[in-house]
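What follows is each chain in one-letter form.
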Amino acid sequence: MSRESAETFFARPEGVEDEREALALRLAKIERAYQELAERLSGYERERAEIKARLQGILARLGTVR
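Being a predicted model, the structure only gives us computed values, none of them experimental.

Some details on the overall build of the protein
Logical step 1: Along the backbone of the protein there are one helix and zero strands.
Logical step 2: Looking at the protein as a whole, 3% of its 66 residues are labelled buried.
Logical step 3: Of the roughly 6600 Å² of accessible surface on the protein, 58% is carried by carbon and sulfur atoms.

Structure below.
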């Protein structure tokens, strides 16, 4: 093996490891964003249910007034 090919051979796993670390960081960032969006969605769904219940109450009262 020549010196150049040996350096290329041994440098390759480092590059793969760096790429793996970069992908792991990117995945963690995406997972955090997903978790934040899931929490926001849960809040929106809760608000929607509350508004729906209020509107049903208002409509029920208006139905009895007529």
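Digging into the pattern of salt bridges
Logical step 1: Summed over all chains, the structure comprises one salt bridge.
Logical step 2: For Glu17, the salt bridge is made with Arg20, and the minimal N-O distance between the two is 3.2 Å. Residue Glu17 and its partner Arg20 are located together in helix H1 (residues 3-65), separated by three residues, close to a single helical turn.

The rules behind each value
Residues numbered from 1 in each chain as written. Predicted model: local features only at pLDDT ≥ 70, side-chain atom pairs only at ≥ 80, totals over all residues. Heavy atoms only, no water. Helix = DSSP H or I, 4+ residues; strand = E, 2+ residues; numbered from the N terminus. Buried < 20%, exposed > 50% of the residue type's maximum accessible area, 1.4 Å probe, protein only. Areas by Shrake-Rupley, 256 points an atom, 1.4 Å probe, with all protein chains shown as cover. Salt bridge = Lys/Arg side-chain N within 4 Å of Asp/Glu carboxyl O.

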